[in-house]
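# Tertiary structure, described
Given next are the chains, with one letter for each unit.
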Amino acid sequence: MGSKKQHTYKVQAEGVDIEVRYGGLKGDYFSLTDMARYRNAENAGFVIQNWMRNRNVIRFLGLWERLNNPNFNYLEFEAIEKEAGVNSFVLTPKRWTESTQAIGIVTKAGRYANTLAHQDIAMEFASWLSPEFKLYLFTDYKRLKTEENSRLSLGWNLNRELSKINYRIHTDSIKENLMPKDISRTAQSYIYATEADVLNVALFGQTAKMWRDNHPDADGNIRDYATLSQLIVLVNLESMNSELIKLGISRAERAIRLNAMAIYQMNKLSEDDINNRLSCLGNTPSLLS
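As a starting point, this report considers the structure included with it. (Residues numbered from 1 in each chain as written. Predicted model: local features only at pLDDT ≥ 70, side-chain atom pairs only at ≥ 80, totals over all residues. Heavy atoms only, no water.)

Let us now look at the overall build of the chain. What the chain contains, in helices and strands, is 12 helices and 5 strands. Every one of the 289 residues in the chain was classed for burial, and the buried ones make up 42%. Contacts spanning at least 24 positions in sequence make up 62% of the contacts within the chain whose residues lie at least 6 apart. Accessible surface, the chain as shown: approximately 16500 Å² in total, 52% of it carbon and sulfur. (Helix = DSSP H or I, 4+ residues; strand = E, 2+ residues; numbered from the N terminus. Buried < 20%, exposed > 50% of the residue type's maximum accessible area, 1.4 Å probe, protein only. Contact = heavy atoms within 4.5 Å. Areas by Shrake-Rupley, 256 points an atom, 1.4 Å probe, with all protein chains shown as cover.)

A few words on the packing of aromatic side chains. The final tally for this structure, using the stated rule, is 9 aromatic pairs. An angle of 50° between the planes, with centres 5.6 Å apart, marks the rings of Phe72 and Phe77 as tilted. Among the aromatic residues, those joined into a cluster by ring pairs are Phe72, Tyr74, Phe77 and Trp96. For Arg39, the ring lying beneath its charged end belongs to Trp128, and the centroid distance is 5.0 Å. (Phe/Tyr/Trp six-rings, centres within 6.5 Å; stacked < 30°, edge-to-face > 60°. Lys NZ or Arg CZ within 6 Å of the ring centre and 35° of its normal.)

Counted by the stated rule, this structure contains 9 salt bridges. Here Arg37 and Asp34 are joined by a salt bridge, their closest N and O atoms 2.6 Å apart. Accessibility expressed as a relative area gives 39% for Arg37, which makes it partly exposed. For the salt bridge of Glu243 with Lys246, the shortest nitrogen-to-oxygen distance reads 3.6 Å. Residue Glu243 and its partner Lys246 are located together in helix 10 (residues 228–246), separated by 3 residues, close to a single helical turn. Connected through salt bridges with shared partners, the residues Glu195, Arg251 and Arg254 form a single ionic network. (Salt bridge = Lys/Arg side-chain N within 4 Å of Asp/Glu carboxyl O.)

Let's shift gears to the pairing of strand 2 (residues 16–21). For a regular strand, side-chain orientation follows a simple rule: the groups alternate between the two sheet faces. A large share of strand 2 lies buried, amounting to 5 of its 6 residues. With 6 bridges joining them, strand 1 (residues 8–13) and strand 2 adopt antiparallel strand pairing. Paired with Gln12 across the two strands is Asp17, which belongs to strand 2. Across 2 bridges, the pairing between strand 2 and strand 3 (residues 29–31) is antiparallel. Across the sheet, residue Arg21 finds its bridge partner in strand 3, namely Tyr29. (Pairing = 2+ DSSP bridges.)

Function-wise, these values are silent; they only describe arrangement.
Here's what the structure looks like:
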């Protein structure tokens, strides 16, 4: 899950509030501690340990790690699996993660101790707690993800349109400062495409043609597949390049400056930041404020 501050939100199931941490493409992480309070509000940790005593649960956790974790410690897993089922067997989330280098379950110590698990594992735990509990949990989670995806889609489209507007400013700057008089349309197109690729290389590390060659079946161009972060930075790069062109800066020098700017801004801007921003803006997201 990384050390970076995570985007978190709450889902509800049977009157229980459950923390969920956004995990990006790898999947979200649910608080097993919060979920366990559905069964025992005072001793949630014991509920999780009781679930992890089951041999089938151990096998499920091991299989998940095999599929998702290249650093999983198979030898330690096999030792734990052999112990499972014995009356004296006890397995805590902390022992599991430290012994096997597991990533599907994450423990947080301290005053606000918490055990979180990848959504695949969390849903398995929910089924063990109660089929009804799992259904309510999944229904509320699906609702929130649908709302989140709607906000992100609106934000992406907004920035795509803003990028198109800036593209006109960019091309006008090229026409007024770089385009020789009385040249053919073919030559004009070449100049526009070359300048567009200055931005593409600065931001994406490749030209439009290189991207098309690597994605022959893609429906659209390199910018159609850009992330929200990349679109925001692209808008800034177009404005900057327009000003650099007016100042008479050479293409080679502009490429260096624009690449440095892209790297700096991408490092400062994260998808989690955008998610939080869009979440705060509710149903009327705007990245212009």
